[in-house]
Amino acid sequence: MTVHISGYTGFIGRNLAPYLSEKGYHIHPIDLRNARMLVFPTQTKAIIHLAGKAHDVKKASVPDTYYQVNTELTKKAFDAFLISDAEVFITLSSVKAVADTVSGILTENSRPQPSTHYGKSKRLAEEYILSKPIPPGKRVYILRPCMIHGPGNKGNLNLLYSIVSKRVPWPLAAFDNQRSFTSIDNLCFIINELIEQADIPSGIYQVADDDTLSTNELVTLIGQALHFTPKRWHIPPAIIKTISKIGDMLHLPLNTERLNKLTENYVVSNKKIKKALKKKLPLSAKQGVLKTISSFKKNETEAN
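Here the structure is a predicted model, which is why all the values come from computation and not from measurement. (Residues numbered from 1 in each chain as written. Predicted model: local features only at pLDDT ≥ 70, side-chain atom pairs only at ≥ 80, totals over all residues. Heavy atoms only, no water.)

Things to note about helix α6 (residues 215-226)
Now for step 1: Relative to the 16 Å expected for twelve residues at 1.5 Å per residue, α6 spans 17 Å between its end C-alpha atoms, a close match to the ideal helical length.
Now for step 2: In terms of burial, α6 is largely enclosed, as nine of its twelve residues are buried.
Now for step 3: Those residues of α6 lying buried are Thr215, Asn216, Leu218, Val219, Leu221, Ile222, Gly223, Ala225 and Leu226.
Now for step 4: A positive backbone phi angle near 65° is found at His227, which sits one or two residues after α6. (Helix = DSSP H or I, 4+ residues; strand = E, 2+ residues; numbered from the N terminus. Expected span 1.5 Å × (residues − 1). Buried < 20%, exposed > 50% of the residue type's maximum accessible area, 1.4 Å probe, protein only.)

Listed below in structure tokens is the structure:
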């Protein structure tokens, strides 16, 4: 059977394609701008829509780009699925389609109130899909992962690694937070199970590892992978926040948005997806982070 994937060359696609290939699927990339590639052969099992415009922390993107990519291309992919013989449609949305900040625990029942163009564009795509009746014999899954990490990705985990690996004392130890993460291994596992388990109901599912981690725990794990104990500075949060505001003006590595990313609480429930799968996730949160950190270390060694 064949699985068609948009966003094939992105971080998730580069990990998902070989994962599904090992499961016996033939993988074909989709170019959503090429109409001929949106006509799928009868042996197509699933269409997985990964292509999207990621959140731009530098805020240099034109707002309309988010809607053209995240909303309109998703509509295009879904419309092509509806008229195809494919059984399964999986699209990657985001927890940011619901909330940019979280108080308590985010669930699928939380009222969507996206505050950024990224989140709003993702939510509009969700609403379009939910507004369409699903033909008999088809299944549709909207996945809302929290921060995805793994070998080859770029993001705040890389920034944290670059700081700790240089043995610079961690200056944010006074902040106490809890965050949910998604290991790329767990995400690939979930996508494969959604394809194979025909009894899982269509709908929205949040994706997260089982446990939360604090930034201080991440610092410890990085030190563990590098075989040393990182130093921590408990600088009063008020001072750090002032420094981050200066970073906004001077375009320093530590600015208010990055500080929030490193110190905020963002806890995401994965109970619904786990109940549907009736299986354990392959990796714990700590195992997933250690695997990612080890890849950073390996890349650093190879570069030298």
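From this point on, the discussion continues.
Digging into the side chain of Ser84
Now for step 1: Topologically, Ser84 is positioned in the loop between α2 (63-82) and β4 (88-92).
Now for step 2: From its side chain, Ser84 meets the backbone nitrogen of Ala86 in a polar contact 3.1 Å long.
Now for step 3: Among all residues touching Ser84, those that are not within four sequence positions of it are Phe40, Ile47 and Lys138. (Polar contact = N/O pair within 3.5 Å; in protein donor to acceptor, adjacent residues only side chain to side chain. Contact = heavy atoms within 4.5 Å.)

Some thoughts on the side chain of Ser269
Now for step 1: In this fold, Ser269 is placed in the loop between β10 (267-268) and α9 (271-277).
Now for step 2: Not counting the four nearest positions on each side in its chain, Ser269 is found in contact with Ile105, Leu106, Thr107, Glu108 and Gln206.

Points about the pattern of salt bridges
Now for step 1: By the definition in use, this model includes ten salt bridges.
Now for step 2: The partner of Lys279 in a salt bridge is Glu193, with the nearest N and O atoms 3.1 Å apart. In this pair, Lys279 sits in the loop between α9 and α10 (285-303) while Glu193 sits in helix α5 (residues 184-196), placing the two residues 86 residues apart along the sequence.
Now for step 3: What makes Lys279 partly exposed here is its relative accessible area of 39%.
Now for step 4: Through salt bridges with shared partners, a single ionic network connects Arg123, Glu126, Glu127 and Arg144. (Salt bridge = Lys/Arg side-chain N within 4 Å of Asp/Glu carboxyl O.)

What to know about empty space enclosed by the protein
Now for step 1: One pass over the full model with this rule turns up one cavity of 30 Å³ or more.
Now for step 2: Taken as a whole, the largest cavity spans an internal volume of roughly 60 Å³.
Now for step 3: Taken together, Asn70, Thr74, Thr91, Leu92, Ser93, Lys122, Ala125, Glu126, Ile129 and Ile142 form the lining of the largest cavity.
Now for step 4: The leading source of residues in the lining of the largest cavity is helix α3 (residues 117-130), at four residues.
Now for step 5: A per-class count over the lining of the largest cavity returns four nonpolar, four polar and two charged. (1 Å grid on protein atoms, 1.4 Å probe; cavity = no way out; pocket = protein on both sides within 12 Å on 5 of 7 lines; lining within 4 Å. Points joined across faces, edges and corners; volume = space filled by probe spheres on them. Nonpolar A, V, L, I, M, F, W, Y, C, P; charged D, E, K, R; others polar.)

As for the packing of aromatic side chains
Now for step 1: Following the criterion strictly, the structure yields six aromatic pairs and no others.
Now for step 2: By way of ring pairs, the aromatic residues Phe78, Phe81 and Phe89 are connected into one cluster.
Now for step 3: Taking the ring centre of Tyr205 as reference, the NZ or CZ of Lys272 above it sits at 4.7 Å. (Phe/Tyr/Trp six-rings, centres within 6.5 Å; stacked < 30°, edge-to-face > 60°. Lys NZ or Arg CZ within 6 Å of the ring centre and 35° of its normal.)

Some thoughts on the pairing of strand β3 (residues 44-49)
Now for step 1: Most of β3 is tucked away, with six of its six residues classed as buried.
Now for step 2: Inspection of the sheet shows strand β1 (residues 2-6) paired to β3 by five bridges, in the parallel sense. Paired with His4 across the strands is Ile47, a residue of β3.
Now for step 3: Relative to β4, β3 is paired through four bridges, and the arrangement is parallel. Bridge pairing in β4 places Ile47 opposite Phe89. (Pairing = 2+ DSSP bridges.)

Details of the packing of helix α4 (residues 156-165) against α6
Now for step 1: Where α4 contacts α6, the two axes come as close as 10 Å, and the packing angle between them is 60°. In terms of orientation, α4 lies oblique with respect to α6. Relative to α6, α4 is oriented so that their crossing is right-handed. Between α4 and α6, the residues in contact are Leu157, Leu160, Tyr161, Val164 and Ser165 and Thr215, Leu218, Val219, Ile222, Gly223 and Leu226, respectively. (Axes fitted to C-alpha atoms, helices over the stretch in contact; angles between N-to-C directions. Parallel < 35°, antiparallel > 145°, perpendicular 65-115°, else oblique. Left-handed = near helix turned anticlockwise from the far one by under 90°.)

Let's talk about unusual backbone geometry
Now for step 1: One non-glycine residue, Arg167, lies in the positive phi region at around 60°.
Now for step 2: Relative to the elements of secondary structure, Arg167 occurs in the loop between α4 and β8 (182-183).
Now for step 3: You can call Arg167 exposed: its relative accessible area is 54%.
Now for step 4: With phi around 55°, His251 is a residue other than glycine that occupies positive phi space.
Now for step 5: When you line up the elements, His251 lands in the loop between α7 (237-250) and α8 (256-263).

Concerning the environment of Ala174
Now for step 1: Here Ala174 is to be found in the loop between α4 and β8.
Now for step 2: The sequence separation of Ala174 and His234 amounts to 60 residues, and the corresponding C-alpha distance is 4.5 Å.
Now for step 3: Ignoring sequence-local partners within four residues, the contact set of Ala174 consists of Trp233, His234, Ile235 and Pro237.

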